[in-house]
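Breakdown of the fold
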Amino acid sequence: MQLTRKGLWSGIIREYRDFLPAISDEAVTTLLEGNTPLVETTNLKHIFGNLRLLLKFEGLNPTGSFKDRGMTMAVSKAREEGSRAVICASTGNTSASAAAYAAKAGMKAYVLVPDGGIALGKLSQAMMHGAMVLQIKGNFDDALNIVKEVTKSYPVKMVNSINPFRIEGQKTGAFEVCEHLGFAPTFHFLPVGNAGNITAYWRGYREYHKQGIISNLPKMMGFQAEGAAPIVLGHPVADPHTVATAIKIGNPASWEGALKAKEESGGVIDLVTDEEIIEAYRLLASMEGVFCEPASAASVAGAIKMKKEGILNDGDTVVCTLTGHGLKDPDTAMNSSPKPTKVPADLKKILKVMGF
Ligand code: AN7
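Let me sum up the structure you'll find in this document. None of the values given here were measured: they were computed from a predicted structure.

Side note on the nonpolar core
Judged by nonpolar contacts, the single largest core of 36 residues is most densely connected at Phe48, Phe189, Val300, Leu312 and Leu322. Beyond its immediate chain neighbours, meaning those up to four positions away, Leu312 contacts Phe48, Leu51, Phe187, Phe189, Ala303, Met306, Lys307 and Val318. Core analysis: the next-biggest nonpolar cluster, separate from the first, contains 33 residues, Val192, Trp202, Trp255 and Ala261 among them.

Details of the side chain of Ser265
One can find Ser265 in helix α11 (residues 255-265). Look at Ser265 and you get buried, because its relative accessible area is 10%. Among the polar contacts made by the side chain of Ser265, one reaches the main-chain amide nitrogen of Met220 at a distance of 2.9 Å. Residues in contact with Ser265, not counting those within four places in the same chain, are Trp202, Pro218, Lys219, Met220 and Lys260.

Description of the packing of aromatic side chains
Enumeration over the complete set of coordinates arrives at nine aromatic pairs. Judged by centre distance (5.7 Å) and plane angle (20 degrees), the rings of Phe189 and Phe223 are stacked. Of this pair, Phe189 sits in strand β7 (residues 187-191) while Phe223 sits in strand β8 (residues 219-225), and the two are 34 residues apart along the sequence. The exposure class of Phe189 is buried, given its relative accessible area of 0%.

Points about the sheet that holds strand β5 (residues 132-136)
Reading across the sheet, the four strands line up as β5-β4-β3-β6 and stay open at both edges, with parallel pairing between neighbours. Edge positions in the sheet fall to β5 and β6 (157-158), since each of these pairs with one other strand and no more. Where strand β3 (residues 85-89) and β6 come together, two bridges link them in parallel fashion. Within β6, the position partnered with Val86 by the bridge is Lys157.

Side note on the site of the ligand
Around the ligand sit 24 residues in total, of which Asn93, Thr94, Asn194, Ala195 and Thr323 are the nearest. Taking Asn197, its main chain carries an N or O atom lying 2.8 Å from an oxygen atom of the ligand. One of the side-chain nitrogen or oxygen atoms of Thr323 is found 2.6 Å away from a nitrogen atom of the ligand. Contact with the protein chains covers 99% of the free accessible surface of the ligand, which is 470 Å². Contributing elements (two or more residues each) for the shell around the ligand: α4 (93-105), α9 (196-210) and α13 (294-308). Here the shell around the ligand is composed, by residue class, of 10 nonpolar, 12 polar and two charged.

Quick notes on the environment of Asn194
Summarising the element assignment, Asn194 is placed in the loop between β7 and α9. A residue is classified by how much of its surface remains accessible, and Asn194, at 10% relative accessible area, is buried. Residues Asn194 and Lys260, spaced 66 residues apart in sequence, show a C-alpha to C-alpha distance of 14 Å. In this view, Asn194 contacts Phe140, Leu144, Ser161, Ile249, Asn251, Pro252, Ala253 and Ser254; residues no more than four positions away in its chain are not counted.

With respect to the environment of Ala225
As for its position among the elements, Ala225 is in strand β8. Looking at Ala225, the relative accessible area reads 0%, which means it is buried. Considering only alpha carbons, one finds Ala225 and Met73, 152 residues apart in sequence, at a separation of 28 Å. Residues within four places of Ala225 in sequence aside, it is in contact with Thr242, Ile247, Val272, Asp274 and Ile277.

Here we look at the sheet that holds β8
Spatial strand order, β1-β2-β10-β7-β8-β9: six strands in an open sheet with mixed pairing. Looking at strand neighbours, the two that pair on one side only are β1 (38-40) and β9 (268-272), the edges of this open sheet. Averaged over all neighbouring strand pairs, the angle between strand axes comes to 25 degrees, with direction disregarded. Bridge count between β7 and strand β10 (residues 317-322): three bridges; the pairing is parallel. Bridging from a neighbouring strand, Phe187 pairs with Val318 of β10. Strand contacts of α11: β8 and β9, with the helix running at about 140 degrees to β8, the strand carrying the most contacts. Contacts between helix α12 (residues 274-288) and the sheet are confined to β1, β2 (52-57), β8, β9 and β10, with β9 contributing the most and set at about 90 degrees to the helix.

Criteria and thresholds
- Residues numbered from 1 in each chain as written.
- Predicted model: local features only at pLDDT ≥ 70, side-chain atom pairs only at ≥ 80, totals over all residues.
- Heavy atoms only, no water.
- Core = buried A, V, L, I, M, F, W, Y, C linked by side-chain atoms within 4.5 Å.
- Buried < 20%, exposed > 50% of the residue type's maximum accessible area, 1.4 Å probe, protein only.
- Contact = heavy atoms within 4.5 Å.
- Helix = DSSP H or I, 4+ residues; strand = E, 2+ residues; numbered from the N terminus.
- Polar contact = N/O pair within 3.5 Å; in protein donor to acceptor, adjacent residues only side chain to side chain.
- Phe/Tyr/Trp six-rings, centres within 6.5 Å; stacked < 30°, edge-to-face > 60°.
- Pairing = 2+ DSSP bridges.
- Near = heavy atom within 4 Å.
- Areas by Shrake-Rupley, 256 points an atom, 1.4 Å probe, with all protein chains shown as cover.
- Nonpolar A, V, L, I, M, F, W, Y, C, P; charged D, E, K, R; others polar.
- Axes fitted to C-alpha atoms, helices over the stretch in contact; angles between N-to-C directions.

This is the structure we're talking about:
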């Protein structure tokens with residue numbers, strides 16, 4: 001056996017150089033994001049029948065979410081331009097990713113998050129990576145407005161998905177799905193918060209289609225949480241609420257991009273309830289061994305809803321992006337599971353509880 005393996009993954013900027021804006025090699029800041037698995041579901045036939053349902057598990061990126069694909073681009077570009085600091089508003093994952101990539105680049109990160117509104121794992125990441133964490137008495141939309149004001153006048157680079165390099169990086173998720181399958185799926189389901197990712201995936205699919213790499217295009221299926229569904233309602237939501245804190249966003253920055261993805265692909269932007277989100281979240285963890293965070297499960301909750309409505313059929317290939325890892329949000333995991341059983345350290349009693 002040879003000691004050195006050929007073809008080790010080098011991160012999305014280097015792997016997809018031909019499809020991304022040029023970045024000088026010295027500025028490339030990577031934690032080897034991308035190359036995430038497309039896991040085939042095997043135990044959900046009672047719900048999905050004979051269609052193929054695959055999970056693009058973005059929770060396996062370096063900081064545990066899809067944001068790393070965009071952040072490697074945004075931070076590398078900021079570094080190339082000579083920026084010393086980055087800033088973002090975040091429901092959690094963007095702040096974790098920005099903090100990690102800024103640390104890798106030797107840059108300062110400022111992250112604005114809703115006070116009390118982000119999952120514990122994400123907050124701990126931003127803190128550990130050395131970002132200045134500003135918890136604001138307001139929601140994500142308030143935080144984003146402040147970030148926009150700051151970047152107008154001060155030397156800090158915005159790394160929210162308004163930064164065009166973020167969307168460019170995130171489109172590589174669609175490239176990988178096509179490469180894994182050998183074709184594009186019939187449907188692609190995504191959770192929708194700020195709507196950057198659905199915009200990015202649609203761009204990725206369209207680019208591969210234009211290059212003749214794939215011959216079909218998927219219908220893009222975006223799902224918001226019921227209490228935070230501005231695109232579905234057609235107007236911003238002033239006080240969004242949902243258990244899926246990652247997508248608790250009332251005025252998405254890439255609203256137009258989501259509508260375009262839906263219209264051009266013949267897909268939908270729809271909503272799922274918190275109950276449907278938690279049900280899908282538990283189903284994936286308990287039946288498929290895949291632990292994603294609540295917001296991520298909105299994609300699968302959407303697929304279940306569409307299957308019930310007769311939109312999905314046997315023979316379809318359906319991909320759901322699971323945007324973040326379940327470990328991000330231990331509180332919701334604990335609150336949605338049966339409590340552990342407390343037993344004395346006594347063999348007989350333990351065997352009895354085990355049912356033997
Ligand atoms: C797990 O981190 O907006 O529709 O500030 O963390 O592209 O916004 C997170 C969004 C889905 C929604 N799933 O994606 C942030 C932030 C997870 C997320 C979304 C987010 P977009």
